4 protein chains.
Amino acid sequence: MRRIILGLIFITFTSVCGFSRSRTLNGGHGSSIVETDTLQSKVLGEPRDYTIYLPAGYETDTTCSYPVLYLLHGFSDTNQSWFHNAPLATIADRLIASGEIQPMIIVSPNAGGRPGVDWNGYFDMPGWDYEKYFFTEFIPYIESAYRVKEGKGNRAISGMSMGGGGTASYAQRHPDMFSSAYIIAGWLDNEKIDAVDPSDKVALVRQAVAEKSCLEFLRQASSKDLENLRTLRWYVDVGDDDFLLYPDLEFYKLMRDKEVPCQLRVRDGSHNWEYWTTALYSLLPFASRNFN
Amino acid sequence: MRRIILGLIFITFTSVCGFSRSRTLNGGHGSSIVETDTLQSKVLGEPRDYTIYLPAGYETDTTCSYPVLYLLHGFSDTNQSWFHNAPLATIADRLIASGEIQPMIIVSPNAGGRPGVDWNGYFDMPGWDYEKYFFTEFIPYIESAYRVKEGKGNRAISGMSMGGGGTASYAQRHPDMFSSAYIIAGWLDNEKIDAVDPSDKVALVRQAVAEKSCLEFLRQASSKDLENLRTLRWYVDVGDDDFLLYPDLEFYKLMRDKEVPCQLRVRDGSHNWEYWTTALYSLLPFASRNFN
Amino acid sequence: MRRIILGLIFITFTSVCGFSRSRTLNGGHGSSIVETDTLQSKVLGEPRDYTIYLPAGYETDTTCSYPVLYLLHGFSDTNQSWFHNAPLATIADRLIASGEIQPMIIVSPNAGGRPGVDWNGYFDMPGWDYEKYFFTEFIPYIESAYRVKEGKGNRAISGMSMGGGGTASYAQRHPDMFSSAYIIAGWLDNEKIDAVDPSDKVALVRQAVAEKSCLEFLRQASSKDLENLRTLRWYVDVGDDDFLLYPDLEFYKLMRDKEVPCQLRVRDGSHNWEYWTTALYSLLPFASRNFN
Amino acid sequence: MRRIILGLIFITFTSVCGFSRSRTLNGGHGSSIVETDTLQSKVLGEPRDYTIYLPAGYETDTTCSYPVLYLLHGFSDTNQSWFHNAPLATIADRLIASGEIQPMIIVSPNAGGRPGVDWNGYFDMPGWDYEKYFFTEFIPYIESAYRVKEGKGNRAISGMSMGGGGTASYAQRHPDMFSSAYIIAGWLDNEKIDAVDPSDKVALVRQAVAEKSCLEFLRQASSKDLENLRTLRWYVDVGDDDFLLYPDLEFYKLMRDKEVPCQLRVRDGSHNWEYWTTALYSLLPFASRNFN
């Protein structure tokens, strides 16, 4: 188990310069923890990594349990991406310390890696039943291995790009599982592919996205489906220069036309980590206030 | 010369997924460039590194010249820190592409490294005449080696922590050199040290900061000094949990009492890269609109 | 009882132009209501007005009860000021509709009017026991006349200028009454006045502010006092050009030195309604997330 | 000539309370001025009002001239609306004082009033050649009666709702006249009307909007037209709950598809003055940095 104690990164600058830091925000409660660990999956027949953020106090206040944000990475990324490419733990630490969000666990499972080499994708496809893994193994494991509050009201889901598609589709088809869904630059749809070579892992994920089209789901949604969607809070956040702008706008229009309350924000930016990093400033409060 | 073509980082994702990106923002102009290079300093008797951002179009529109933002790092950091710890180039690229800032060069010189081992500091001190180097070698070199617009109106200065102190003190004592000074969590003052061991590089920088106290400068400023300070635009940006909050507030109060126009912002945060990264969103527009 | 149904202001524009509005956010729940009413005070021996915001749904979902934000106006202002000079109801409507804040009641009591003619001030002073009125008559009345959730966890207090001083002092001396206190450009202190003409209503309020100095309270606070202060969430929000900046910074420094968690924000601006209006965007979420 | 000296509104609070205001931002330069005046139009055969903001210093620094932002109101509004329903002058004063925008003149002409009674609309229609008036009388008058910098580089245009449509259409068909166009919740298109009663002033404006459809203009734009559009900076700002969201998104998509650089922002909100007021915080810097 590899552990990175964030507190240690905290500058030793203080002593060498003779500055005195007047108060440490998380002082009495211990520091937050980011750790990467592995779960042996029977469904996938292999070990899968995940990276998890445990808020300050997790180790010391051992009677507390926490809601969980499931945060999905994009195509060609891994469980480490949200933690290495964005200062996720620093942002969460600060928002918790200032009371802007409640203490929460944030976990990112691995559903990706090298295109064409590693499996990529959040849906069941020939040879890679990731969705089955996610709901029957991964969530139950997290809820047993960590001190987690259970139930729909204590789970949020979000992700960017391929993970934004996973977010929307998981929330559409498992609406009883999450209190909110925050889609960042989501890959929500794809053109159908006629003949897919079963050894082509990139074609397989494209095919899976086409089959699980989040736009098509809405177009064909029954009134019962729509009623279920209304039990979650929805949010779409996409850049004006993103190549995924149009399907994301279409998703919002379908939600609005079908009277499923949903937020839309279009900010300046394109498909990159600056946009996804700044999305954390609205995602984390959104997830937090919709818990319970 | 080590070159990192930012454009290359840009996801090849596009082709593998069959997405079509409807337009590239910087397409026709080439991409921005971040490169690290070395200047042989006679003053310091050794080579010194710097890292520089050249905006999109620098290489293709070879008739253009640009204003320069000198961006100073903190204690124990180096010329790479602003580029490795913050998505500086991505932010600058986007703000330029959307027209929020004018195209500019951003350069960070090396004035630091391992505490106690490498020299740290922006001021002249026994054995390390960095300020002399900065003004007589570094700025002239940048203005000759790159296509740079010259003069006070085309130079801005900023930095965080030890670099915030360098920013304020350079601007106080060389007001003819810069159009604006943006101080982020600045180390502006230090207690005097009685006897400094000349081999103690940490004690030397603390001593230098004490001698160049930016607060003392203001307390003793003549009306001519104040008049000079009013030829720059000033900005102080510091977190409510920063251990340097009090001296930075004191600096602002002295500026206000002495009627030198200055902006003050206190945002949520402490002495870390999340704060310094988000400062870029106000620093870059501030520098841009005060050029020329 | 004068009632202004905000919904009516909502443009009939729609029909005349042939536009169709695809959905009304508050449609099914009725509109929010702003009304001004009068309470006969025995303590003050006269009727006192107040203006109250009742969220959408208040009239239709008659089983719901709500937390209350007590919002204090400034010197020379009245109970109408927060509603007439800022789009308070529009902002609250939108933040509730988007889920950023929970539905709440917002009420502003009258403690002011024409300087020197009407009584101004939140404290007990010779001839005007306003603080007694506020705690023994006004709060109980609001909690009986409206469907209000009771208790410390369901009350927040805020205000600007003279009302910012009222906020801080009420919260300091009645910490069991409020879950949070948000001080906007607070009048927190005043020089002592030697001889006050009892017919001079302006001198009386200045004297009262001096006697109830929020800075002095902190300087002399016992450890028990400080423990009580830590049961609230605190926030200070003041402009860099405000003439009340220095006492507000001093208040924050005292809080920080005495380890009472408190937020500080200094934004661009001075002592005017633009600043106070924009403060609502952080005040309302702050009050909301600290309710319960 | 009715004049409202904004400075006078500035609280006399100071003296009565014994506070001392440490500095006045606009002190030495005089205050900004908002005035309403009337222009006798030959084209329209009647007098037309306008309201104008003159920045601090306009009256004292009589050698200065300024760029102009033409700010169009909505259907049923008048020249006073931007000044009465939003704190336009306060916001402009502050942004100028802090250096975020350059000093500019802002003027709102009257193209509206009571629906069905007064003429409403920015285009030429039977009996009301407003566009002819705007370009041949109003702009020339402003540029002669006030100290105005002339030329495309010194004019910006913006407006909300019906005025957002006026903004887009004026900028499309007079691209040589403006440096930038900022469309707020623009009424950009309308269904064609078969038979219009020439005495029905509401039907006439709807018909005019249909004929001047900004979407149709883009669909049919020649490559020369598109080249002209690229000589301006464009910005679309519309709320996610606005009933005009869809045509505004369509406008942006057409601009993007035709490679005319344009910004898009979708913020939280609907068709009301809170949205239009907060738009000023991005509109004014946008207009400012695109002048000349």
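Conventions we followed
- Residues numbered from 1 in each chain as written.
- Chains lettered and ligands numbered in written order.
- Predicted model: local features only at pLDDT ≥ 70, side-chain atom pairs only at ≥ 80, totals over all residues.
- Heavy atoms only, no water.
- Helix = DSSP H or I, 4+ residues; strand = E, 2+ residues; numbered from the N terminus.
- Buried < 20%, exposed > 50% of the residue type's maximum accessible area, 1.4 Å probe, protein only.
- Contact = heavy atoms within 4.5 Å.
- Areas by Shrake-Rupley, 256 points an atom, 1.4 Å probe, with all protein chains shown as cover.
- Core = buried A, V, L, I, M, F, W, Y, C linked by side-chain atoms within 4.5 Å.
- Least-squares fit on C-alpha atoms with pLDDT ≥ 70 in both.
- Disulfide = S-S within 2.5 Å.
- pLDDT = per-residue confidence, 0-100.
- Phe/Tyr/Trp six-rings, centres within 6.5 Å; stacked < 30°, edge-to-face > 60°.
- Right-handed = clockwise from strand over helix to strand, strands pointing away.
- Salt bridge = Lys/Arg side-chain N within 4 Å of Asp/Glu carboxyl O.
- Polar contact = N/O pair within 3.5 Å; in protein donor to acceptor, adjacent residues only side chain to side chain.
- Nonpolar A, V, L, I, M, F, W, Y, C, P; charged D, E, K, R; others polar.
- Expected span 1.5 Å × (residues − 1).
- Pairing = 2+ DSSP bridges.

A.B. asks: Residue-level account of the overall build of chain A, with values.
C.D. replies: When you go through chain A residue by residue, the secondary structure sums to 11 helices and 11 strands. A burial count over chain A gives 61% of its 292 residues as buried. Long-range pairs, those at least 24 residues apart, make up 74% of the contacts in chain A with a sequence separation of at least 6. Carbon and sulfur atoms make up 49% of the accessible area of chain A, which amounts to about 10500 Å² in all.

A.B. asks: Which residues make up the environment of Asp194(A), and what values go with them?
C.D. replies: All names here are of chain A. Relative to the elements of secondary structure, Asp-194 occurs in the loop between strand 9 (180–184) and helix 7 (201–211). A relative accessible area of 81% means that Asp-194 is categorised as exposed. The spatial distance from the C-alpha of Asp-194 to the C-alpha of Gln-207 is 8.9 Å, given a sequence separation of 13 residues.

A.B. asks: Give me the lowdown on the nonpolar core, citing residues and values where you can.
C.D. replies: Trp234(B), Phe251(B), Trp234(C) and Phe251(C) are the most contacted members of the largest nonpolar core, which has 200 residues in total. Core analysis: the second largest hydrophobic core is formed by 198 residues, Leu226(A), Tyr58(D), Tyr170(D) and Leu244(D) among them.

A.B. asks: Quick rundown of the relation of the copies chain A and chain D? Include the residues and the values.
C.D. replies: In the superposition of chain A on chain D (RMSD 0.0 Å, axial shift 0.0 Å), the rotation amounts to 180°. Look at the turn and shift together and you get a two-fold axis relating the two. Residue Val266(A) of chain A places its C-alpha closer to the rotation axis than any other residue of that unit, at 2.3 Å. Looking at chain A, 100% of its interface residues are interface residues in chain D too, so the copies touch through the same face.

A.B. asks: Pulling in residues and values, what's your account of the state of the cysteines?
C.D. replies: All names here are of chain B. Throughout the structure, instances matching the rule amount to zero disulfides over all chains. Of all cysteine sulfurs, the one in Cys-262 lies closest to Cys-214, which takes part in no disulfide; the gap is 12 Å. For Cys-214, a relative accessible area of 1% translates into the label buried.

A.B. asks: Summarise the confidence of the model for chain A; cite the residues concerned and give the values.
C.D. replies: Residue and element names in this part refer to chain A. Scored by pLDDT, chain A comes out at a mean of 90, with 90% of its residues at no less than 70. Contacts of residues 1–29 to residues separated by more than four positions or lying in other chains number 65 contacts, the stretch itself having pLDDT below 50. In the model output, the complex is listed with pTM 0.91 alongside ipTM 0.90.

A.B. asks: Before we move on, could you go through the packing of aromatic side chains and cite the residues and values that matter?
C.D. replies: Residue and element names in this part refer to chain D. Per the counting criterion, the structure on display carries 96 aromatic pairs over all chains. Measuring from ring centre to ring centre gives 6.2 Å for Tyr-70 and Phe-138, while their planes differ by 75°; the resulting arrangement is edge-to-face. Note that Tyr-70 is positioned in strand 4 (residues 68–72) and Phe-138 in helix 5 (residues 130–145), a separation of 68 residues in sequence. With respect to class, Tyr-70 is no different from Phe-138; both count as buried. Centroid distance Tyr-182 to Tyr-235: 4.3 Å. Interplanar angle 15°. Geometry classified as stacked. Remark: Tyr-235 occurs in strand 10 (residues 233–239) and Tyr-182 occurs in strand 9 (residues 180–184); sequence separation between them is 53 residues.

A.B. asks: Let's hear about the environment of Leu95(B): which residues, and what values?
C.D. replies: Note on placement: Leu95(B) falls in helix 4 (residues 88–97). The sequence separation of Leu95(B) and Val117(B) amounts to 22 residues, and the corresponding C-alpha distance is 38 Å.

A.B. asks: Could you give an account of the pairing of strand 11 (residues 262–267) of chain B, with specific residues and numbers?
C.D. replies: Most of strand 11 of chain B is tucked away, with five of its six residues classed as buried. Viewed along the sheet, the connection from strand 10 (residues 233–239) of chain B through helix 10 (residues 245–257) of chain B into strand 11 of chain B turns out right-handed.

A.B. asks: Report on the pattern of salt bridges, specifying residues and quantitative values.
C.D. replies: Here the structure, examined in full by the defined rule, presents 44 salt bridges over all chains. Of the charged contacts in the structure, one is a salt bridge between Asp268(C) and Arg94(D), with a shortest N-O distance of 2.8 Å. Linking Asp268(C) in the loop between strand 11 (262–267) and helix 11 (273–290) with Arg94(D) in helix 4 (residues 88–97), this pair reaches from one chain into another. Each of Arg94(A), Glu100(A), Asp240(B), Asp268(B), Glu274(B) and Arg265(C) takes part in one network of salt bridges that share partners.

A.B. asks: Mind laying out the interface of chain A and chain D, listing which residues take part and the relevant values?
C.D. replies: Each partner contributes to the interface: chain A provides 18 residues, whereas chain D provides 18 residues. Along the contact surface separating chain A from chain D lie four salt bridges. Across the pair Arg265(D) and Asp240(A) runs a salt bridge, and its minimum N-O distance is 3.3 Å. The tally of links from chain A across to chain D stands at 15 residue pairs in polar contact (both at pLDDT 80 or more). Every element with two or more residues in the side of chain A that touches chain D is listed here: helix 10 (245–257) and strand 11 (262–267) of chain A. Grouping the amino acids of the side of chain A that touches chain D by side-chain chemistry returns eight nonpolar, one polar and nine charged.

A.B. asks: Account for helix 6 (residues 162–173) of chain D, naming residues and giving values.
C.D. replies: Over its 12 residues, helix 6 of chain D runs 16 Å from end to end, which matches the ideal 16 Å to within 8%, given 1.5 Å per residue. When you tally the buried positions in helix 6 of chain D, you get 11 out of 12 residues, the bulk of the element.

A.B. asks: Could you give me a rundown of unusual backbone geometry, with the residues and numbers involved?
C.D. replies: Residues and elements named next belong to chain A. Here the phi dihedral of Ser-161 falls at roughly 55°; this positive angle occurs in a residue that is not glycine. Looking at where Ser-161 falls in the secondary structure, it is placed in the loop between strand 8 (155–160) and helix 6 (162–173). The exposure class assigned to Ser-161 is buried, which follows from its relative accessible area of 2%.

A.B. asks: Explain the pairing of strand 4 (residues 68–72) of chain B residue by residue, including any values.
C.D. replies: Residue and element names in this part refer to chain B. Of all the five residues making up strand 4, five are buried; the element is thus mostly covered by neighbouring parts of the structure. Going residue by residue along strand 4, you find Val-68, Tyr-70 and Leu-72 tucked away on one face and Leu-69 and Leu-71 tucked away on the opposite face as well. By the bridge criterion, three bridges tie strand 4 to strand 5 (residues 105–109) in an arrangement that is parallel. Bridge pairing links Val-68 to Ile-105 in strand 5.

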